[in-house]
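For reference, the chains in residue letters:
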Amino acid sequence: MKRLINYLGGTVRLSVSGPYPERVINLCAQNRVDFWAVVWHDEHTGLFTVRHSGLKQVQMYAQRVTARIDEGERKGLPELLQKFRRRYAFLIGLFLALCV
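Residues numbered from 1 in each chain as written. Predicted model: local features only at pLDDT ≥ 70, side-chain atom pairs only at ≥ 80, totals over all residues. Heavy atoms only, no water.

Caption draft 1: Local environment of the layout of surface pockets. For the largest pocket, the calculated volume is near 160 Å³. What lines the largest pocket is simply R3, N6, Y7, G10, T11, V12, R13, W36, T49, E73, K75 and G76. Those elements giving two or more residues to the lining of the largest pocket turn out to be α1 (2-9), β1 (11-17) and β4 (68-75). Of the residues contributing to the lining of the largest pocket, the split by class is three nonpolar, five polar and four charged. (1 Å grid on protein atoms, 1.4 Å probe; cavity = no way out; pocket = protein on both sides within 12 Å on 5 of 7 lines; lining within 4 Å. Points joined across faces, edges and corners; volume = space filled by probe spheres on them. Helix = DSSP H or I, 4+ residues; strand = E, 2+ residues; numbered from the N terminus. Nonpolar A, V, L, I, M, F, W, Y, C, P; charged D, E, K, R; others polar.)

Caption draft 2: Quick look at the pairing of strand β3 (residues 45-51). Counting buried positions along β3 yields six of seven residues, so the element is predominantly enclosed. Relative to β3, β1 is paired through seven bridges, and the arrangement is antiparallel. Bridge pairing in β3 places V16 opposite G46. Counting the residues in the hairpin turn of strand β2 (residues 35-42) and β3 gives two residues. (Buried < 20%, exposed > 50% of the residue type's maximum accessible area, 1.4 Å probe, protein only. Pairing = 2+ DSSP bridges.)

Caption draft 3: Representation of the packing of helix α2 (residues 22-30) against helix α3 (residues 55-64) within the structure. One way to put it is that α2 packs onto α3 with a least axis distance of 9 Å and a crossing angle of 135°. With respect to each other, α2 and α3 are oriented oblique. As α2 packs across α3, the resulting crossing turns out to be right-handed. Facing V24, L27 and C28 of α2, the residues of α3 in contact are V58, Y61, A62 and R64. (Axes fitted to C-alpha atoms, helices over the stretch in contact; angles between N-to-C directions. Parallel < 35°, antiparallel > 145°, perpendicular 65-115°, else oblique. Left-handed = near helix turned anticlockwise from the far one by under 90°. Contact = heavy atoms within 4.5 Å.)

Caption draft 4: Quick peek at the nonpolar core. The biggest cluster of nonpolar side chains holds 17 residues, and the ones touching the most others in it are L14, V24, F48 and V58. For this core, the elements supplying multiple residues, two or more each, are β1, α2, β3 and α3. Not counting residues within four places of it along the chain, the set of residues in contact with L14 comprises G46, L47, F48, V50, L55, V58, I69, D70 and E71. (Core = buried A, V, L, I, M, F, W, Y, C linked by side-chain atoms within 4.5 Å.)

Caption draft 5: Quick peek at the packing of aromatic side chains. All told, the structure shown has one aromatic pair when counted by the stated rule. Centre to centre, the rings of F35 and F48 are 6.0 Å apart; their planes meet at 75°, and the pair counts as edge-to-face. Here F35 is found in strand β2, whereas its partner F48 is found in strand β3, with 13 residues between them in sequence. (Phe/Tyr/Trp six-rings, centres within 6.5 Å; stacked < 30°, edge-to-face > 60°.)

Caption draft 6: Inspection of the sheet that holds β4 at higher detail. Read across the open sheet, the four strands follow the order β2-β3-β1-β4; overall the sheet is antiparallel. The open sheet is flanked by β2 and β4, the only strands paired with a single partner. This sheet shows a mean twist of 20° between the axes of neighbouring strands, independent of strand direction. Bridging between β1 and β4 involves six bridges; their strand directions are antiparallel. Each residue of the ladder has a partner; that of S15, found in β4, is D70. Across the face of the sheet, α2 comes into contact with β1, β2 and β3 while running at roughly 170° to β2.

So, in structure tokens, the structure goes:
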């Protein structure tokens, strides 16, 4: 069930680098931004996954603590729909097929 919710909302894999990348993670935890799969490469670089809806908040926190955020892999329904945003006929057909 959790995978379905993450797929519908979309997820983004982020790489945080800077002098204190753990501050970004602490700010996410304090402000209830969901994150998971934290992996540390070294003391100045870490990887973690957030929901697409929390991406702007994480970027704001990174700016606040002078850390750099690099977006990695994006997954989920918002990313899929973004690929087809100019193919209106395809989206209408997909919608009709799902309705039937």
